[in-house]
Amino acid sequence: MNATTDLSPWAHPKSQAWFEMLFKRSGMLDELERFVAQPLEQIEVPECRMVLMLLIILARPGIWPSGYDDVLVLAEQKVTEIVKQTQSKTNRKMTMAQHQQHGVLMDEIRYELEVLRRRIGKSSLKTRIHRPATWKDFWA
């Protein structure tokens, strides 16, 4: 552990065991696996953003149970596919306001994806990243 996480509430091995038991008993891991197994056409962007939000919060070393990193990677891949598919569907006629709103939504979900990618070690970008703007004062 490094100095910044040594004092975190999830640093203790008993805390980590508690989180793992919580994830298993709650069925959250099963639900994430169900999400990943769904066909792309059955998943909409709001559901993707909800999954991303949960994973951004919970996919921290010490909180996320060891041995389940593959679920994080598969969820990131699924959301990435849905984002690509959603971007290609924008060929329908939209007003300028709808087009702008769609662009903002796509920017937000791409940013949230980048946060998750960094959490799971899949991103090679080094620029500083902050909490997503749409989360406002979530932690305040």
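Before reading further, recall that the structure is shown in the block above.
Residues numbered from 1 in each chain as written. Predicted model: local features only at pLDDT ≥ 70, side-chain atom pairs only at ≥ 80, totals over all residues. Heavy atoms only, no water.

**Student:** What's the story with the overall build of the protein in this structure? I'm lost.
**Tutor:** The number of helices and strands found in the protein is six helices and zero strands. If you list the helices and strands of the protein from N to C, you get α-α-α-α-α-α. For the protein, the spread of C-alpha atoms along the principal axes amounts to about 55 × 30 × 30 Å. Expressed as a percentage of its 140 residues, the buried residues of the protein come to 34%. Put simply, 62% of the contacts in the protein that link residues at least 6 apart link residues at least 24 apart. Counting only carbon and sulfur atoms, one obtains 57% of the accessible surface of the protein, whose full area is about 9,300 Å². Between the mean site of the 20 positive side-chain charges and the mean site of the 17 negative ones, the protein shows a separation of 5 Å. (Helix = DSSP H or I, 4+ residues; strand = E, 2+ residues; numbered from the N terminus. Buried < 20%, exposed > 50% of the residue type's maximum accessible area, 1.4 Å probe, protein only. Contact = heavy atoms within 4.5 Å. Areas by Shrake-Rupley, 256 points an atom, 1.4 Å probe, with all protein chains shown as cover. Lys, Arg positive; Asp, Glu negative; His and termini not counted. Charge placed at Lys NZ, Arg CZ, Asp CG, Glu CD.)

**Student:** What am I meant to see in the environment of lysine 24 here?
**Tutor:** If you trace the backbone, lysine 24 turns up in helix α2 (residues 13-26). Assessed through its relative accessible area of 43%, lysine 24 is described here as partly exposed. Reaching out from lysine 24, the side chain makes a polar contact with the side chain of glutamate 20 at a distance of 3.0 Å. (Polar contact = N/O pair within 3.5 Å; in protein donor to acceptor, adjacent residues only side chain to side chain.)

**Student:** Teacher, can you tell me more about the pattern of salt bridges here?
**Tutor:** Proximity of charged atoms lets side chains of opposite charge pair with each other. Applying the stated rule across the entire model yields nine salt bridges. One salt bridge in this structure joins arginine 34 and glutamate 47, with 3.8 Å as the shortest N-O distance. Remark: glutamate 47 occurs in helix α4 (residues 45-58) and arginine 34 occurs in helix α3 (residues 28-37); sequence separation between them is 13 residues. With relative accessibility at 24%, the residue glutamate 47 sits in the partly exposed group. Within the structure, one salt-bridge network assembled from shared partners comprises Glu31, Arg34 and Glu47. (Salt bridge = Lys/Arg side-chain N within 4 Å of Asp/Glu carboxyl O.)

**Student:** I keep staring at the side chain of lysine 78 and nothing clicks. Help me out?
**Tutor:** Relative to the helices and strands, lysine 78 resides in helix α5 (residues 69-88). No salt bridge is formed by the buried lysine 78, whose closest oppositely charged neighbour, glutamate 81, lies at an N-O distance of 5.0 Å.

**Student:** Hey, could you run me through the packing of aromatic side chains in this one?
**Tutor:** When we look at a pair of aromatic rings, we describe it by the centre distance and by the angle of the planes. Taken as a whole and judged by the stated rule, the model has two aromatic pairs. Judged by centre distance (5.3 Å) and plane angle (75°), the ring pair of tryptophan 18 and phenylalanine 19 falls under edge-to-face. When the ring of phenylalanine 23 is compared with that of tryptophan 64, the centres are 5.3 Å apart and the planes differ by 50°; the resulting orientation is tilted. Of this pair, phenylalanine 23 sits in helix α2 while tryptophan 64 sits in the loop between α4 and α5; the two residues are 41 residues apart in sequence, bridging distant segments of the chain. Here phenylalanine 23 matches tryptophan 64 in class, with each residue buried. (Phe/Tyr/Trp six-rings, centres within 6.5 Å; stacked < 30°, edge-to-face > 60°.)

**Student:** Looking at this model, I keep getting lost on α3. Mind explaining?
**Tutor:** For an α-helix the count is 3.6 residues per turn, leaving residues at separations of three or four pointing the same way. Where α3 is concerned, the buried positions are Met28, Leu29, Leu32, Phe35 and Val36. Viewed along the axis of α3, the buried residues span an arc of 115°, placing them on a single side of the element. Turned more than 90 degrees from where α3 packs its buried face, Asp30 and Ala37 sit exposed. (Arc of directions from axis to C-beta.)

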